[in-house]
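# Structural characterization, general
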Amino acid sequence: MESELKDLNSNPPSSKEERPLLKSESDLAAAIEELDKKFAPYARTDLYGTMGLGPFPMTEKIKLAVALVTLVPLRFILSMSILLLYYLICRVFTLFSAPYRGAEEEEDEGGVVVQEDYAHMEGWKRTVIVRSGRFLSRVLLFVFGFYWIHESRRDRDSAMDSNLKTTSTEINQKGEAATEEPERPGAIVSNHVSYLDILYHMSASFPSFVAKRSVGKLPLVGLISKCLGCVYVQREAKSPDFKGVSGTVNERVREAHRNKSAPTIMLFPEGTTTNGDYLLTFKTGAFLAGTPVLPVILKYPYERFSVAWDTISGARHILFLLCQFVNHLEVIRLSVYYPSQEEKDDPKLYASNVRRLMATEGNLILSELGLSDKRIYHATLNGNLSQTRDFHQKEE
């Protein structure tokens, strides 16, 4: 696949059988369309076009112009105020508390760094941090135009799935029936469409996330991520010790499963974002512990701009998001998935079965592409778009 893509931006062919150079803007448009088909999970299909570069109808230009001088400044000020307010809450209520220290590894080795968080705090201070965090996250979504969030719950048919156990009954030595409490899920698993996914999950359950190492050092956001209990990783690390990442996540999943007071961890098993219509192959990190998981499906219906954070720059995405008066979010919560013994012994099987269930319930298309394919798509797309700009410059 990669060799085919390189042909689109190759040097002049040395033989007649090789693909010719793209010499016109129509050729480039056809090449981009071909790329979008090959890498459909990452292609943008909204009104704003590939990488949000248009072309824009005149009516859309007028709407954007009006929003730029009205909605955007208001929403920017409100969102920054909410962020600053929650940072101050976190700062005040962690001021005299020592952070919890988890797994450690040397930074030079890559993988997991020193894990510090305030998610293991107990008492009223932790309650204030969590409740205010959930409330302000929902307020922030409201500011971004998500005025209504439609949530639905779908229970799996227990007659078709013998592994689903909402309650279990055992017979004690006296012959009496005893009802056990349902097992607590070790992790929440969700499809990944946008950074907005994090805001929704914060408002719904305030879980921990896996985040880049640099997030913990960011102003304002760094402290908030520690209050969430984020697991910091170096995603680009390629050393043999990188297994420490999955080991730390595995430990957090087990801790959340057995300890009700431990922070729940939220994982995006796809490992990257899509355009919201597809479900990529799941990584096994959330399933290695063999504990139950809670699947959640997020969908963002749209008419003009898709909030999927894919194949578009961050600044352009935020600008278009703030320009939309109304944004939509639909949430499908499935029942807790209890793995069979076979699934516990085979994390890949466990991940695959949960993925198929989520695809069926969420009407999502299964795709075998991954992050490496996404990088190839973006690199090739950027090369073609640079040629498009060259054509426009020559015409001028």
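Shown above is the structure to which this text applies.
Because the structure is a prediction, the values reported are computed rather than measured.

## So, the overall build of the protein chain
From N to C terminus, the protein chain includes 12 helices and 14 strands. The contacts in the protein chain between residues at least 6 apart in sequence include a share of 74% that link residues at least 24 apart.

## So, the environment of Arg213
The residue Arg213 is located in the loop between strand 8 (210-212) and helix 7 (221-228) in this model. Here the alpha-carbon distance between Arg213 and Gln115, two residues 98 residues apart in the chain, equals 9.8 Å.

## A word on a nonpolar patch on the surface
Side chains of Met58, Ile62 and Val66 sit close together on the surface and give an oily, nonpolar patch of about 300 Å² of accessible area. Mapping Val66 onto the fold places it in helix 3 (residues 58-69). Here Val66 falls in the partly exposed class, since its relative accessible area comes to 46%.

## With respect to helix 9 (residues 314-323)
Within helix 9, the full set of buried residues consists of His317, Phe320, Leu321, Leu322 and Cys323. The inward-facing, buried residues of helix 9 abut helix 3, helix 4 (71-93) and helix 6 (196-204).

## Examining the packing of helix 4 against helix 5 (residues 124-143)
The contact between helix 4 and helix 5 brings their axes to 10 Å, and the two run at 175°. Looking at the two axes, helix 4 sits roughly antiparallel to helix 5. Across the interface between the two elements, Arg75, Leu78, Ser79, Ile82, Leu85, Tyr86, Ile89, Cys90 and Phe93 from helix 4 touch Trp124, Lys125, Val128, Ile129, Ser132, Gly133, Leu136, Val139, Leu140 and Val143 from helix 5. For the contact of helix 4 with helix 5, a count of residues per class yields 14 nonpolar, 3 polar and 2 charged.

## Re helix 5
An α-helical turn contains 3.6 residues, so a residue and the one three or four places further along point in the same direction. Given a rise of 1.5 Å per residue, 20 residues ought to cover 28 Å, and the 28 Å separating the end C-alpha atoms of helix 5 matches this to within 8%. Among all positions of helix 5, only Arg126, Ile129, Val130, Ser132, Gly133, Leu136, Ser137, Leu140, Leu141 and Val143 are buried. Residues of helix 5 that are buried in the fold lie against helix 4, strand 4 (149-154), helix 6 and helix 7. At the exit of helix 5 stands Gly145, carrying a positive phi of roughly 100°.

## A few points about the nonpolar core
Counting 56 residues, the largest nonpolar core has Tyr86, Ile129, Phe144, Phe146, Leu196, Tyr300 and Leu329 as its most contacted members. Sorting the residues of this core by element identifies helix 3, helix 4, helix 5, helix 6, helix 7, strand 12 (293-299), helix 9 and strand 13 (329-334) as the ones contributing at least two each. Counting residues in hydrophobic clusters, the runner-up holds 25 residues, among them Ala187, Val253, Tyr337 and Tyr350.

## Here we look at the packing of aromatic side chains
Here the distance between the centres and the angle between the planes together describe a pair of aromatic rings. What the rule picks out here adds up to 16 aromatic pairs. Aromatic pair Phe142 and Tyr147: ring centres 4.9 Å apart, planes at 70°, arrangement edge-to-face. Residue Phe142 is classed as partly exposed on the basis of its relative accessible area of 44%. Of the residues examined, Tyr147 reaches a relative accessible area of 18% and is grouped as buried. An angle of 55° between the planes, with centres 5.6 Å apart, marks the rings of Tyr147 and Phe325 as tilted. Of this pair, Tyr147 sits in the loop between helix 5 and strand 4 while Phe325 sits in the loop between helix 9 and strand 13, and the two are 178 residues apart along the sequence. In this structure Phe325 comes out as exposed when scored by relative accessible area, which is 53%.

## Observations regarding the pattern of salt bridges
Scanning the entire structure with this criterion turns up 7 salt bridges. Across the pair Lys38 and Glu34 runs a salt bridge whose closest N-O atoms are separated by 3.5 Å. Here the residue Lys38 and the residue Glu34 both occupy positions in helix 2 (residues 25-38), the gap between them amounting to 4 residues, near one helical turn. Judged by relative accessible area, Glu34 falls into the partly exposed class, the value being 28%. A salt bridge links Arg355 to Glu368; the shortest N-O distance between them is 3.4 Å. A residue pair is termed long-range when its members are at least 10 positions apart, and Arg355 in helix 11 (residues 347-362) and Glu368 in the loop between strand 14 (365-366) and helix 12 (371-395) qualify at 13 residues. Its relative accessible area of 61% is what places Glu368 among the exposed residues.

## Describing the side chain of Glu60
Mapped onto the secondary structure, Glu60 falls in helix 3. If sequence neighbours within four positions are ignored, Glu60 has contacts with Leu47, Tyr48 and Arg304.

## Focus on the side chain of Arg252
Inspection of the secondary structure assignment puts Arg252 in helix 8 (residues 243-258). We note that Arg252 is buried and unpaired, the nearest opposite charge coming from Glu255 at a distance of 4.0 Å. Here the side chain of Arg252 touches Ser208 through a polar contact of 2.9 Å, side chain to side chain. Beyond its immediate stretch of four places on either side in the chain, Arg252 contacts Asp117, His120, Ser208, Gly229, Val231, Pro263 and Ile265.

Rules behind the numbers
- Residues numbered from 1 in each chain as written.
- Predicted model: local features only at pLDDT ≥ 70, side-chain atom pairs only at ≥ 80, totals over all residues.
- Heavy atoms only, no water.
- Helix = DSSP H or I, 4+ residues; strand = E, 2+ residues; numbered from the N terminus.
- Contact = heavy atoms within 4.5 Å.
- Patch = residues over 30% accessible without salt bridge, like charges linked within 9 Å, V, L, I, M, F, W, Y side chains within 5 Å.
- Areas by Shrake-Rupley, 256 points an atom, 1.4 Å probe, with all protein chains shown as cover.
- Salt bridge = Lys/Arg side-chain N within 4 Å of Asp/Glu carboxyl O.
- Buried < 20%, exposed > 50% of the residue type's maximum accessible area, 1.4 Å probe, protein only.
- Axes fitted to C-alpha atoms, helices over the stretch in contact; angles between N-to-C directions.
- Parallel < 35°, antiparallel > 145°, perpendicular 65-115°, else oblique.
- Nonpolar A, V, L, I, M, F, W, Y, C, P; charged D, E, K, R; others polar.
- Expected span 1.5 Å × (residues − 1).
- Core = buried A, V, L, I, M, F, W, Y, C linked by side-chain atoms within 4.5 Å.
- Phe/Tyr/Trp six-rings, centres within 6.5 Å; stacked < 30°, edge-to-face > 60°.
- Lys, Arg positive; Asp, Glu negative; His and termini not counted.
- Polar contact = N/O pair within 3.5 Å; in protein donor to acceptor, adjacent residues only side chain to side chain.

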